Amino acid sequence: MRLSLVIPCYNEQEALPHTVAALEPLMRDLMARGKISADSNIWFIDDGSRDDTWPVIETLTQRSPLFVGVKLSRNRGHQNALLAGLLSADGDAVISIDADLQDDLAVIEKMVDAHASGYEIVYGVRQARDTDTVFKRWTALRYYALLRFMGVDIIPNHADFRLMGRRSIAALGQHAEVNLFLRGIIPQLGFRSTSVYYDRRERVAGESKYPLRKMIKLALDGITSFSPVPLRLIAGLGGIVCVFSLVMVVWVLCVRLFTDRALPGWASTTVPIYLLGGVQLLCIGILGEYVAKTYAETKGRPRYLIERVERLEPGETPVRRSDGEPVR
Ligand code: UDP
Ligand code: MG
């Protein structure tokens, strides 16, 4: 079985040397033991980095056919970089993993074994998240619960560390959506799948490339790309407000007709104005979120553009030695 690892990299110049130092021996060991074929490879997807990530990748590709570099024309975000990698990689099975080595590499072998025993998709699931901040852990848990409530089928505590076989990648390739949320799309592909468990570690070097802003965007994409539930909630809310207003009307009429306290108070006039204004704005906002999604999808723009691919062709001799120095 030919294995491809896919690693999205955004400003990872500090982490990449550590990543390579850990992954290269692991791949060579798996090859030596015949678990994966000798033409297995590691794909680095440079997601429009602004630092020296691409030169680092390029140097690697000049040294061994084990490394393949793909450079996207600009930063398109983790999900798109990952997709670019999944759809470009040529392995019989592809494992996606982050550049920061937070995921346990020993799990790669377990994934390969699971695939060999007939599972098309193998999810890496985090057992402990001690290294994440309390805030990140708590929001993640609440978010999974919310997604389940909205009817989105995801694997809790699974990020994008997973193995996919050729068939499921081909199926994924048929999805043309621009608002990508791979963790939602892949479980609903079907296919025989299983999970392997591991503990998540600290990032080896550099800082998180997922600031709160990107986390919120990913979270909203997860909901609005998969679930019509927010729209139904709006309708429900509208219904409740209507019933409430009807009661108010009846009450006002009763006061007007059967009592002499018919001067409508300030509260009963202004409160509904504020309330309705707020509810309407909220609802328009949620509607707008879906309209914006539809807009992006109808344009059908490409999700990523590959600027160049660097790799040694079969038979081509490396121009760099394994220590990175040029061959003379
Ligand atoms: N990443 C990317 N494009 C982006 C942001 C992140 O390709 O716009 C990559 C990043 O290089 C890393 C992976 O996505 O390999 C996960 O990012 P990070 O580790 O910073 O996220 P965290 O683990 O903090 O959620
Ligand atoms: Mg990370």
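Only a predicted model underlies this, so the values are computations on that prediction, with no experimental measurement involved.

### Remarks on the coordination of the magnesium ion (ligand 2)
And step 1. Here the magnesium ion (ligand 2) is held by the protein donor atoms D100 (OD) and Q102 (OE1), which lie 1.8 to 2.0 Å from it.
And step 2. With relative accessibility at 4%, the residue D100 sits in the buried group.
And step 3. Residue classification places Q102 among the buried positions, given a relative accessible area of 10%.

### Side note on helix α4 (residues 106-116)
And step 1. Taken residue by residue, α4 has V107, I108, M111, V112, A114 and H115 as its buried positions. In an axial view of α4, the angular spread of the buried residues amounts to 160 degrees, which keeps them on one side of the axis.
And step 2. Tucked into the core, α4 has its buried residues touching β1 (3-9), α1 (15-32), β4 (93-96), β5 (121-126), β6 (158-165) and β7 (193-198).

### Description of the pattern of salt bridges
And step 1. Scanning all chains against the criterion turns up 17 salt bridges.
And step 2. Across the pair D90 and R2 runs a salt bridge whose closest N-O atoms are separated by 3.3 Å. Pair noted here: D90 is in the loop between α3 (78-88) and β4 and R2 is in the segment before β1, with a separation of 88 residues, a long-range link.
And step 3. On the basis of relative accessible area, D90 is assigned to the partly exposed category, the value being 26%.
And step 4. Residue R2 is classed as partly exposed on the basis of its relative accessible area, which comes to 22%.
And step 5. Where D29 meets R33, a salt bridge forms, and the shortest distance between an N and an O atom there is 2.9 Å.
And step 6. The exposure class assigned to D29 is partly exposed, which follows from its relative accessible area of 36%.
And step 7. On the basis of relative accessible area, R33 is assigned to the partly exposed category, the value being 43%.
And step 8. The network of salt bridges with common partners includes D29, R33, K35, E109 and D113.

### A short note on the packing of aromatic side chains
And step 1. Within the structure shown, the criterion is met by two aromatic pairs.
And step 2. Centre to centre, the rings of F161 and Y198 are 5.3 Å apart; their planes meet at 85 degrees, and the pair counts as edge-to-face. With a gap of 37 residues between them, F161 in strand β6 and Y198 in strand β7 connect regions that are remote in the sequence.
And step 3. On the accessibility criterion, F161 (0% relative accessible area) is buried.
And step 4. Above the face of the Y119 ring, R192 is positioned so that its terminal group lies 4.3 Å from the ring centre.

### Digging into the nonpolar core
And step 1. Of all hydrophobic cores here, the largest spans 34 residues; its most connected members are L3, I42, F44, I95 and I108.
And step 2. Taken together, the elements giving at least two residues each to this core come down to β1, α1, β2 (41-46), α2 (53-61), β4, α4, β6 and β7.
And step 3. Tallying contributions element by element places α1 first for this core, with six residues.
And step 4. Counting residues in each nonpolar core, the second largest holds 26 residues, with V6, A171, I186 and L189 among its members.

### With respect to the side chain of R63
And step 1. Structurally, R63 is set in the loop between α2 and β3 (67-72).
And step 2. Within polar-contact distance, the side chain of R63 engages the side chain of E24 at 3.2 Å.
And step 3. Not counting chain neighbours up to four residues away, the residues in contact with R63 comprise V20, E24, L312, P318, R320, R321, S322 and G324.

### Description of the pairing of β1
And step 1. Among the seven residues that make up β1, seven are buried, leaving the element largely enclosed by the rest of the structure.
And step 2. Covered by surrounding structure in β1 are L3, L5, I7 and C9 together with S4, V6 and P8, the residues of both alternating faces.
And step 3. Bridge count for β1 against β4 is four bridges, and the pairing is parallel. Within β4, the position partnered with L5 by the bridge is I95.
And step 4. In this fold, the crossover linking β1 to β2 by way of α1 has right-handed handedness.

### Observations regarding the site of ligand 1
And step 1. Surveying the vicinity of ligand 1 reveals 19 residues, the closest of which are E12, D47, D100, S208 and K209.
And step 2. Between ligand 1 and N75, the relevant distance is 3.2 Å, taken from an oxygen atom to a side-chain nitrogen or oxygen of the residue.
And step 3. Among the detected pockets, ligand 1 sits in the largest pocket.
And step 4. Broken down by class, the residue content of the shell around ligand 1 amounts to five nonpolar, five polar and nine charged.

### Examining helix α6 (residues 166-173)
And step 1. Taken together, the buried positions of α6 are occupied by S168, I169, A171 and L172. Down the axis of α6, the buried side of the element spans an arc of 155 degrees, and every buried residue falls inside it.
And step 2. Turning to α6, the residues buried within the fold contact α3, β4, β5, β6 and α7 (182-185).

### Observations regarding the sheet that holds strand β8 (residues 306-310)
And step 1. The strand order across the open sheet formed by eight strands is β7-β5-β6-β4-β1-β2-β3-β8, and the pairing between neighbours is mixed. The open sheet is flanked by β7 and β8, the only strands paired with a single partner. Sheet twist, expressed as the average angle between the axes of neighbouring strands with direction ignored, equals 20 degrees.
And step 2. Note: β2 against β3, five bridges, orientation parallel. What sits directly across from D46, in β3, is K71.
And step 3. Sheet contacts for α6: β4, β5 and β6; angle to β6, the most-contacted strand, approximately 115 degrees.

Thresholds applied
- Residue numbering note: each chain is counted from 1, following its sequence as written.
- Starting at A for chains and at 1 for ligands, labels are handed out in the order in which the entities are written.
- Residues qualify for local features only when their pLDDT is at least 70, as the model is predicted, and side-chain atom pairs are given and counted only at 80 or more; totals for whole chains, interfaces and linings, by contrast, use all residues.
- To obtain the side-chain values, all non-hydrogen atoms of the structure were used and water was disregarded.
- Excluding water, the donors of a metal are its N, O and S neighbours within 2.8 Å, or within 3.2 Å for Na, K and Ca, and that exclusion means sites may look incomplete.
- Three exposure classes are used, based on accessible area relative to the maximum for each residue type with a 1.4 Å probe and protein chains only: buried under 20%, partly exposed in between, and exposed over 50%.
- Strands are runs of DSSP state E lasting at least 2 residues, helices are runs of H or I lasting at least 4, and numbering of each runs from the N terminus.
- Arc definition: directions from the helix axis to the C-beta atoms.
- Contact definition: two residues touch when any of their heavy atoms are within 4.5 Å.
- Salt bridges are identified by distance alone: a Lys or Arg side-chain nitrogen within 4 Å of an Asp or Glu carboxyl oxygen.
- Aromatic rings from Phe, Tyr and Trp, with only the six-membered ring used for Trp, were paired whenever their centres fell within 6.5 Å, and each pair was classed as stacked if the ring planes differed by under 30 degrees, edge-to-face if by over 60, and tilted otherwise.
- Ring-over charges, as used throughout, are those where CZ of Arg or NZ of Lys falls within 6 Å of the ring centre and within 35 degrees of the ring normal.
- The set of buried Ala, Val, Leu, Ile, Met, Phe, Trp, Tyr and Cys residues whose side-chain atoms join them within 4.5 Å is what this entry labels a nonpolar core.
- Under the rule applied, a polar contact is a pair of N or O atoms within 3.5 Å (in protein, one hydrogen donor and one hydrogen acceptor; residues adjacent in sequence only if both atoms are side-chain atoms).
- If DSSP finds at least two bridges between two strands, the strands pair.
- Whether a crossover is right-handed depends on one test, that the path from the first strand over the helix to the second runs clockwise when the strands point away from the viewer.
- Residues are counted as near a molecule or strand when any one of their heavy atoms sits within 4 Å of it.
- Only protein atoms enter the 1 Å grid used here. Points where a 1.4 Å probe fits but cannot escape make up a cavity, open sets with protein on both sides within 12 Å along at least five of seven lines make up a pocket, and a residue lines them when an atom lies within 4 Å of a point.
- More than half of a molecule's atoms within 2 Å of the grid points is what it takes for that molecule to sit in a cavity or pocket.
- Side-chain classes are defined by residue name, with Ala, Val, Leu, Ile, Met, Phe, Trp, Tyr, Cys and Pro counting as nonpolar, Asp, Glu, Lys and Arg as charged, and the others, Gly among them, as polar.
- For helices, the fitted line uses only the C-alpha atoms of the stretch in contact; every axis is such a line through C-alpha atoms, and the angle between N-to-C directions lies from 0 to 180 degrees.

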